[in-house]
Number of protein chains: 2
Amino acid sequence: MIKYAKIQDIMQDIKNNLPIDLRIDNAQIADVFSGEFFSGSLCVHKGVIVGFSKTMPAQKVVDAKNAYLLPTFFDAHVHIESSMLSPDKFAELVIPFGTGTVIADPHEIANVKGLDGIRFMLENAKESLLDVKIMLPSCVPALPFEYAGANLSALDLAELMNDENVLGLGEMMNVPGVLMQDEKVLEKLELAAKYNKIIDGHAPMVHGDDLDMYRLAGVSTDHECTTVEEALERIRRGMYVLLREGSAAHDLVNLLPAVNAHTISNCLFCTDDKQCTDIIKRGHINNSVRLAIEHGTAPIDAIRMATINTARAYGLTHKGAIAPSYEASFMLTQDIKECNPHAVYINGELVAENGKYIATVTKTYNAKLEQLTDTIQDSMHTELPKDLTIHIPSKKARVIRLLPHSLLTKCEIMDVAVDSEGNFDFSQNKGLLKMAVVERHKKTGKIGLGLLHAEYGLQGGAIATSISHDSHNIVVAGDNDEDMLLALQEVEKMGGGIAMISKGEVLASLSLPVGGLMSMQEPQAVIADLQKLYDVAKNHYHIWDKADAFMSLSFLALPVIPDLKLTPQGLFDVTTFQFTDIAVQE
Amino acid sequence: MIKYAKIQDIMQDIKNNLPIDLRIDNAQIADVFSGEFFSGSLCVHKGVIVGFSKTMPAQKVVDAKNAYLLPTFFDAHVHIESSMLSPDKFAELVIPFGTGTVIADPHEIANVKGLDGIRFMLENAKESLLDVKIMLPSCVPALPFEYAGANLSALDLAELMNDENVLGLGEMMNVPGVLMQDEKVLEKLELAAKYNKIIDGHAPMVHGDDLDMYRLAGVSTDHECTTVEEALERIRRGMYVLLREGSAAHDLVNLLPAVNAHTISNCLFCTDDKQCTDIIKRGHINNSVRLAIEHGTAPIDAIRMATINTARAYGLTHKGAIAPSYEASFMLTQDIKECNPHAVYINGELVAENGKYIATVTKTYNAKLEQLTDTIQDSMHTELPKDLTIHIPSKKARVIRLLPHSLLTKCEIMDVAVDSEGNFDFSQNKGLLKMAVVERHKKTGKIGLGLLHAEYGLQGGAIATSISHDSHNIVVAGDNDEDMLLALQEVEKMGGGIAMISKGEVLASLSLPVGGLMSMQEPQAVIADLQKLYDVAKNHYHIWDKADAFMSLSFLALPVIPDLKLTPQGLFDVTTFQFTDIAVQE
């Protein structure tokens, strides 16, 4: 929010006829209120838009040469952790694409580090030029029995609810908890309501009376719509629908038919989860704008969904439009359809040019952040296994099988060959893989073992990752115990990350020491490392082309998506919602 | 705002399968989010909309017989005082027309009674079913030299700014004060900004750079647009434009061409000033809806401007739409074009039927309100004149002449006949009228005298009124001194109001003891009295048909509208912004 003292300063300067900081001439200015572009000048002073005068004297005058001038974009719902970059580095990556504000739910880091994880995101983001608003994660841990790094109650969240950068409660995934009126769930909803803050939703396939109740409970957004019908059903109830375009989920185009002159006010853009490698390839919210235009949306309408609509939905005043009293955060682009800005301004400063981040942020010593950064980098509390033996005397096992392009799995009952002691034997089960999930928050030594169908690929080695939704224990898969154990050690050594081991050698690795989820390296370095991991996965391990080498593994530990998942406590059958054995007894 | 404890109660009742309070079946429900009507049922419990189930058991089921079901309407800007009814009585008048929420600026009563006047409006409104939100008057007095009843600084307003029913700062009429950055004006703007509240505007004919500065200062609405260009210029700057349809100002139809699929979000309806007699004849905001539809606006768009748009513009959550978690305030109407509701529900209760207010409000003893009511009814602190002699030895006088259908006046220099002592003589100046404005707040005995052109009418008597914008001193006009003095006495005797005297007799009168502006009588009684006044004005006094007998007089004391006005300090020439004499010296 712009402080009024600043506005008064600005007014005084103008009254005193001092030259303003910046005037942009000859721009096609996007007017999100009138729904049109108009040719004109834009006057900026002390980070704020002060008007459209073409003659106001300015210290710097930029000729826009008829380029489009748009407000910077908003990501209405993002887990920054999915980029694998800390907020300040994420900022450097997305700002050149025109993103100026994100509404982030630090659900992943909160599962690792609880309130300190959220505090780290808040403080670290302040070292960047990106405006990072936070929704407090509502479901940590994701399930009561999960071995996560933290457990956040309403009382815990209350500590941060009044922070000026906290907009409300993050996606309420516990829909049954809302409908059954679970006391701990209601406490969190009540907390947000008490502070008059937003409650984000997450309600795939919730309809009719259940949706009424979910809305009644105070939830006002949903980013999980995949059909036009779902979108319209939510808009009818006054909910905001976030059209998602991320790494795995591509819902935007499917949902566009729900957007019309009336419903558009309730439609926003978000990425939810997008890896840094995808962002660098396709862009960020500008990619959503481009896609929408490509599929028939009027440019100004696409811009509205990327800007003012989100600002309004989340109560962010003086943001999301080009008008006096608004934050001077905007971009210039020649081609509105491509929407690749050649200049991005944040608070009146040029911060990115031709896709390159060029700003330097003056940092002041922040003792709180220093301490949080230390804390957050100490997240590998493991007791690594020495033995990955799986005992299957019945010779019939439950095997996890990935479904193509999906987070769903199938429980496949397979005959397996065992050695003389009844233990799973790689040499007799061509292509079948072992998996393990190792608890890493409280050194419990808990480890779950399972089998993964050969379709995944992974020949002659192992992959381990400390990203594993939602509790982020270490997942490892491989075709021999030695490489698997080494991969676990490598991940631990890096303080978290992804490691690929083959025949005792590290083929590729990515260090993610920030909670085992993120890096504080420059985006380009992380992107290069991650790209190398993907290259190895494809060319060396021949990972299935209908799966993502790492994300598929990461979601195998999430015991809410059917059918069969693996946790530190063992295999979990999501269809019966019970733990189960690998070995099938006749 | 709906308290979350209530939501939890409701959710619990539904979970326990208790029958809900009310279900409306077979309605054509206005969906302001999707911009369409849909056939369905509406479920209501404990004053809140809980969903659209057609089967949920209910204690009461109403068959809407295919009637339209709309959210109750919002008046985005109203001076309740102009209705001449206290808020609780105003509520009884407007609710049957479907109005459920008003955003009121108690500018008039504040000029009489300051903070106590505002407090009275807040407390008195709580005794009604109308949701009355308050904007704190920003310009009391209207001009620094005015003889008003109060002087409200930012420090004074700070006492009320955090009241839960106060939404911000009322119309900032002092545009020069904003542009020149008057310290006292900026303090008020800063106060609103500090509390993150709305600042209403009032900016007729302000354009370009001035408008930029006015917007930069934080003003976000304007209800003074009279042309499409003005409206669009404001919308481009992110301001909300209030399409006004009141007693005197009829801007709505002229402004409709500014409303389109994009701009509509920034367009709202308001009345500003509307007398009770006009409301009873033509309706309230439903009249605006009707007019808009009649002039080509789609019914759902007219409804949006009357409901959700205002709720959103003023940050009123859970209001202005028919959806779960929203306040159950709605109406049923058979004919959407006529928009005369046959049933109005507020918070789930049927409160008006077929234009009749049928609710009873349970009142609890409110000591604060009692005291405020006493204070507010003690507003006639006058020292009445005994002599209205006007000395014009030069025999040439400045005469106030009304312009047709306008608040503007003309200063006419006329030759006048005087008696032997040089005093104005009625008998020799056929039709010419005397006027006086008598200070009534602080018993100063100040009295301004003037002459009014014969065109106004008023034969054989006098009219006096304690409504006179903005300071609300007593204005009297007449064709003889005796009736004028009697009229003043009569107004004082009533504790404020309007009196018509002819040949020593009271022909008609309306008692307005609440600050000399409003009545606490039933609307029908006030309407009958006021109607009688108008009948006498027309049939007995033959008042000019291009003027409003009472409003024209009331505005003759407002020294901001050109050319010539009368104040307790004498004639004021608005064009030179200086006091002037009646007598013109050669």
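Higher on the page you've got the structure.
We now turn to the structure provided with this report. Position labels on residues start from 1 in each chain and follow its written sequence. Ligands are numbered from 1 and chains lettered from A, in the order in which they are written. Given that the model is predicted, a residue must reach a pLDDT of at least 70 before its local features are reported, and side-chain atom pairs must reach 80 or more before they are shown or counted; all residues, however, enter totals for whole chains, interfaces and linings. Side-chain measures were taken over the full set of non-hydrogen atoms in the model, leaving aside hydrogen atoms and water.

**Considerations on the overall build of chain A**
No. 1: Looking only at helices and strands, chain A features 17 helices and 28 strands.
No. 2: Here the globule rule reads 2.2 Å times residues to the power 0.38, and the radius of gyration is calculated from C-alpha atoms. Its C-alpha atoms give chain A a radius of gyration of 25 Å, within 12% of the compact-globule value 25 Å for 586 residues.
No. 3: Judged by the C-alpha coordinates and their principal axes, chain A covers about 90 × 50 × 45 Å.
No. 4: Only protein chains enter the accessibility calculation, which uses a 1.4 Å probe; a residue whose area is less than 20% of its type maximum is buried, one above 50% is exposed, and one in between is partly exposed. When the 586 residues of chain A are sorted by exposure, 66% land in the buried category.
No. 5: Once local pairs closer than 6 in sequence are excluded, the contacts in chain A between residues at least 24 apart make up 69%. Labels follow the DSSP assignment, with helices taken as runs of H or I lasting at least four residues and strands as runs of E lasting at least two, numbered in each case from the N terminus. Throughout, a residue-residue contact means that at least one pair of heavy atoms, one from each residue, lies within 4.5 Å.

**Details of the environment of T297 of chain A**
Residue and element names in this part refer to chain A.
No. 1: Structurally, T297 is set in the loop between helix 11 (285–294) and helix 12 (299–306).
No. 2: Its relative accessible area of 14% is what places T297 among the buried residues.
No. 3: Ignoring anything within four residues of it in the chain, the contact list for T297 reads L256, A292, A302 and M305.

**Digging into the packing of aromatic side chains**
No. 1: Side-chain rings of Phe, Tyr and Trp, where Trp is taken by its six-membered ring, are said to pair if the distance between their centres is within 6.5 Å; with planes under 30 degrees apart they count as stacked, over 60 as edge-to-face, and otherwise as tilted. This model, assessed by the stated rule, comprises 22 aromatic pairs over all chains.
No. 2: When the ring of F145 of chain B is compared with that of F572 of chain B, the centres are 5.0 Å apart and the planes differ by 35°; the resulting orientation is tilted. Here F145 of chain B, found in the loop between strand 8 (131–136) and helix 4 (154–161), pairs with F572 of chain B, found in strand 27 (residues 570–573); they are 427 residues apart in sequence, far enough to count as distant.
No. 3: Residue classification places F145 of chain B among the partly exposed residues on the basis of a relative accessible area of 24%.
No. 4: A ring pair is formed by F145 of chain B and F577 of chain B, whose centres lie 6.4 Å apart and whose planes are at 70°; its orientation type is edge-to-face. Separated by 432 residues along the polypeptide, F145 of chain B in the loop between strand 8 and helix 4 and F577 of chain B in the loop between strand 27 and strand 28 (578–580) bring together distant segments of the chain.
No. 5: Here the aromatic residues F145, F572, F577 and F579 of chain A are joined through ring pairs into a cluster of three or more.
No. 6: Over the ring of F38 of chain B we find R236 of chain A; its NZ or CZ atom is 3.8 Å from the centre of that ring. For a lysine, the NZ atom is tested; for an arginine, the CZ atom; a charge sits over a ring if that atom is within 6 Å of the ring centre and within 35 degrees of the ring normal.

**As for the state of the cysteines**
No. 1: Two cysteine sulfur atoms form a disulfide, by the criterion used here, when they sit within 2.5 Å. Under the definition given, this model contains zero disulfides over all chains.
No. 2: C270 of chain A supplies the cysteine sulfur nearest to C276 of chain A, a cysteine that is in no disulfide, at a spacing of 19 Å.

**Focus on a negative patch on the surface**
Residues and elements named next belong to chain A.
No. 1: Only residues whose relative accessible area exceeds 30% and that form no salt bridge are eligible for patches; like-charged ones are grouped when within 9 Å, while nonpolar side chains (Val, Leu, Ile, Met, Phe, Trp, Tyr) are grouped when within 5 Å. Every accessible area reported is derived by Shrake-Rupley at a probe size of 1.4 Å, with residue values counting cover from the shown protein chains alone. One speaks of a salt bridge when a side-chain nitrogen belonging to Lys or Arg is within 4 Å of a carboxyl oxygen belonging to Asp or Glu. In this count, Lys and Arg are taken as positive residues and Asp and Glu as negative ones, while His and the chain termini are left out. Charge coordinates come from a single atom per side chain, which is NZ of Lys, CZ of Arg, CG of Asp or CD of Glu. Residues D182, E183, E187 and E190 make up a contiguous surface patch of negative charge.
No. 2: By secondary structure assignment, the location of E183 is in helix 6 (residues 183–194).
No. 3: E183 gets classed as exposed once you look at its relative accessible area, which sits at 60%.

**Overview of the environment of A508 of chain B**
Residue and element names in this part refer to chain B.
No. 1: Structurally, the position occupied by A508 is in strand 25 (residues 505–511).
No. 2: In the structure, A508 is positioned 29 residues away from A537 in sequence and 9.5 Å away in space, judged by C-alpha atoms.
No. 3: Look past the residues within four positions of A508 in its chain and what remains in contact with it is I498, A499, M500, K532, L533 and V536.

**Examining helix 12 of chain A**
No. 1: Among the eight residues that make up helix 12 of chain A, seven are buried, leaving the element largely enclosed by the rest of the structure.
No. 2: Of all the residues in helix 12 of chain A, the buried ones are I300, D301, A302, I303, R304, M305 and A306 of chain A.

**A few points about the sheet that holds strand 6 (residues 73–78) of chain A**
All names here are of chain A.
No. 1: Pairs of strands are assigned from DSSP output, requiring at least two bridges between the strands. Read from one edge to the other, the open sheet built from five strands follows the order 6-7-8-9-10, with strand pairing classed as parallel. Sheet topology places strand 6 and strand 10 (198–201) at the edges, where each strand pairs with a single neighbour. Neighbour-to-neighbour, the strand axes of the sheet open up by a mean angle of 25°, direction not taken into account.
No. 2: Two elements, strand 8 (residues 131–136) and strand 9 (residues 166–172), share three bridges in a ladder whose sense is parallel. Axis angles are defined between N-to-C directions and span 0 to 180 degrees, where every axis is a line fitted to C-alpha atoms and, for a helix, only to the segment in contact.

**Points about the relation of the copies chain B and chain A**
No. 1: The copies were overlaid with a least-squares fit restricted to C-alpha atoms from residues scoring a pLDDT of at least 70 in each copy. Rotating chain B by 180° about the axis while translating it 0.0 Å along that axis superimposes it on chain A, leaving an RMSD of 0.1 Å. Within this description, the copies of the chain are treated as partners about a two-fold rotation axis. Across chain B, the smallest distance between a C-alpha and the rotation axis is recorded for A261 of chain B, namely 2.9 Å.
No. 2: Most of the interface of chain B is mirrored in chain A: 100% of its interface residues are interface residues there too.

**Points about the interface of chain B and chain A**
No. 1: Taken together, the contact pairs 55 residues of chain B with 55 residues of chain A.
No. 2: Roughly 4800 Å² of surface becomes buried between chain B and chain A when both sides are summed, with 55% attributable to carbon and sulfur atoms.
No. 3: Two parts placed together each lose some accessible area under a 1.4 Å probe, and the buried area is that loss summed for both. On the chain B side of the contact with chain A, L216, R236 and H262 of chain B bury the most area, a combined 18% of that side's loss.
No. 4: The tally of links from chain B across to chain A stands at four salt bridges.

**Description of the side chain of S471 of chain A**
Residue and element names in this part refer to chain A.
No. 1: Residue placement: S471 occurs in the loop between strand 22 (462–465) and strand 23 (474–478).
No. 2: For S471, a relative accessible area of 3% corresponds to the buried category.
No. 3: Excluding anything up to four places from it in sequence, S471 contacts N111, E146, Y147, A148 and H441.

**As for the pattern of salt bridges**
Oppositely charged side chains can form a pair if their charged atoms are brought close together.
No. 1: Applying the stated criterion to the full structure yields 58 salt bridges over all chains.
No. 2: Of the charged contacts in the structure, one is a salt bridge between K434 of chain A and D481 of chain A, with a shortest N-O distance of 3.0 Å. In this pair, K434 of chain A is assigned in strand 20 (residues 433–438) and D481 of chain A in helix 15 (residues 481–493), connecting sequence segments 47 residues apart. Note on accessibility: K434 of chain A and D481 of chain A belong to one class, buried.
No. 3: Across the salt bridge formed by D278 of chain B and R282 of chain B, the nearest N and O atoms sit 3.3 Å from each other. Residue D278 of chain B and its partner R282 of chain B are both found in helix 10 (residues 276–282); the two are separated by four residues, about one turn of the helix.
No. 4: On the basis of relative accessibility, which here comes to 10%, the residue D278 of chain B falls in the buried class.
No. 5: Exposure remark for R282 of chain B: the relative accessible area of 38% places this residue in the partly exposed category.
No. 6: Sharing partners across several salt bridges, the network here consists of D131, K133, K319 and E327 of chain A.

**Comments concerning the sheet that holds strand 28 of chain B**
All names here are of chain B.
No. 1: One open sheet accounts for three strands, arranged 26-27-28; its pairing is antiparallel. Of all the strands in the sheet, just strand 26 (564–567) and strand 28 have a single pairing partner and so form its edges. Mean inter-strand twist for the sheet, computed between neighbouring axes without regard to direction, equals 40°.
No. 2: As paired strands, strand 26 and strand 27 are joined by four bridges and run antiparallel to one another. The partner of T567 across the bridge, within strand 27, is G570.

**Let's talk about helix 6 (residues 183–194) of chain B**
No. 1: Here, expected helix span is obtained from the residue count minus one, scaled by 1.5 Å. For helix 6 of chain B, built from twelve residues, the straight-helix expectation of 16 Å at 1.5 Å per residue is met to within 8% by its first-to-last C-alpha distance of 16 Å.
No. 2: Restricting attention to buried positions, one finds in helix 6 of chain B the residues V185, L186, K188, L189, L191 and A192 of chain B.
No. 3: Next to the buried residues of helix 6 of chain B lie helix 1 (4–15) of chain A together with helix 4, strand 9 (166–172), helix 5 (175–179) and strand 10 (198–201) of chain B.
No. 4: What qualifies as a polar contact is a pair of N or O atoms within 3.5 Å, subject to a donor-acceptor requirement within protein and to the restriction that residues adjacent in sequence count only when both atoms come from side chains. Its side-chain oxygen 2.9 Å from the backbone nitrogen of K184 of chain B, D182 of chain B forms the N-cap of helix 6 of chain B.

The analysis is restricted to geometry; functional conclusions fall outside its scope.
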